[in-house]
Amino acid sequence: HDFITMWGFVKLAPDKLLAISKTMNGASFGFGLSKLLMSASAAGVVAVMQLFPDHWGLVGGRNVPLGGSVQMHADPGAFLASLSSLEDYAVNEFNVFFGPVIKKDEDGQYVFSAKEATISKELFRFDLNILARVFEEKLKGLDLYECSGMQGNIKDLPQSITDLNLCGCK
């Protein structure tokens, strides 16, 4: 008896069967379209995140080795190491790439503050000798708060520094 009731839909009129079939096809199409939109939106999010390679590491992306000229624009240490002297154009260019990290006071002295960086502090991983060479005795303030990748000896820093913050550095 259960077998016969299961096949009760056979007794339906053809127009009713056609309407049910169209409803089922429409539902199937709708679910398929929603799956497509979901995967497309996920791919869109990934595409947008790829536009921001400086911040890709913050969302679990891979570190891809960069060429020399590109690395200078993504690595503050490489940028500073490439400088032979500290000119205003170099300071401005550094600040464009990494945020307003270097500020020049009215007295011609500089303050280097990683707190002002627009990139991750994890990217500040270079030797303190680079700062000493580039700034010489023109550096009066140095704030490398939570820049845990820094290397070198604090004794190598210029004697002109009157405000020093290395809290969180290793």
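Keep in mind that what you see is a predicted model, and the values were worked out from it rather than measured. Per chain, residue numbering runs from 1 following the sequence as it is written. Totals for whole chains, interfaces and linings use every residue, but because this is a predicted model, local features are given only for residues with pLDDT of at least 70 and side-chain atom pairs only at 80 or more, for both listing and counting. Processing note: side-chain calculations cover all non-hydrogen atoms of the structure and skip hydrogens and water entirely.

## Some remarks on helix 6 (residues 128-135)
Throughout, exposure labels follow a simple rule: accessible area from a 1.4 Å probe, protein chains only, divided by the maximum for the residue type, with under 20% read as buried, over 50% as exposed, and the rest as partly exposed. Secondary structure counts use DSSP, requiring at least four H or I residues in a row for a helix and at least two E residues in a row for a strand, with both numbered from the N terminus. Within helix 6, 6 of the 8 residues are buried, which leaves it mostly tucked inside the rest of the structure. Should any heavy atoms of two residues lie within 4.5 Å, those residues are considered in contact. Here the buried face of helix 6 lies against helix 4 (76-81), strand 1 (102-104), strand 2 (110-113) and strand 3 (139-143).

## Considering the pattern of salt bridges
Between Lys or Arg on one side and Asp or Glu on the other, a salt bridge is scored when a side-chain nitrogen of the former is within 4 Å of a carboxyl oxygen of the latter. Evaluated as defined, the whole model comprises 4 salt bridges. D88 is the salt-bridge partner of K104, the closest N and O atoms lying 3.4 Å from each other. Here the residue K104 occupies a position in strand 1, and D88 occupies one in helix 5 (residues 88-98), the gap between them amounting to 16 residues. A relative accessible area of 44% means that K104 is categorised as partly exposed. A salt bridge links D107 to K140, with the nearest nitrogen and oxygen atoms 3.7 Å apart. Of this pair, D107 sits in the loop between strand 1 and strand 2 while K140 sits in strand 3, and the two are 33 residues apart along the sequence. Connected via shared salt-bridge partners are D105, D107 and K140.

## Some remarks on the pairing of strand 2
Whether two strands pair depends on DSSP finding at least two bridges between them. Bridge analysis of strand 1 against strand 2 gives 3 bridges, and the strand direction is antiparallel. Bridging from a neighbouring strand, K104 pairs with Y110 of strand 2. Joining the antiparallel neighbours strand 1 and strand 2 is a turn of 5 residues, in which G108 adopts a positive phi near 85 degrees. By the bridge criterion, 4 bridges tie strand 2 to strand 3 in an arrangement that is parallel. By the bridge assignment, Y110 is partnered in strand 3 with L139. Crossovers are marked right-handed if the path from the first strand over the helix to the second runs clockwise, as seen with the strands pointing away from the viewer. Considered for its hand, the β-α-β crossover made up of strand 2, helix 6 and strand 3 is right-handed.

## Regarding the nonpolar core
Ranked by internal contacts, the top residues of the largest apolar core, which has 30 residues, are L80, F112, F124, L131, F135 and L144. Among the elements of the structure, helix 4, helix 5, strand 2, helix 6 and strand 3 are those that each provide at least two residues to this core. Among the elements that take part in this core, helix 6 stands out by supplying 5 residues, more than any other. Buried Ala, Val, Leu, Ile, Met, Phe, Trp, Tyr and Cys residues that are joined via side-chain atoms within 4.5 Å together make up what is termed a nonpolar core.

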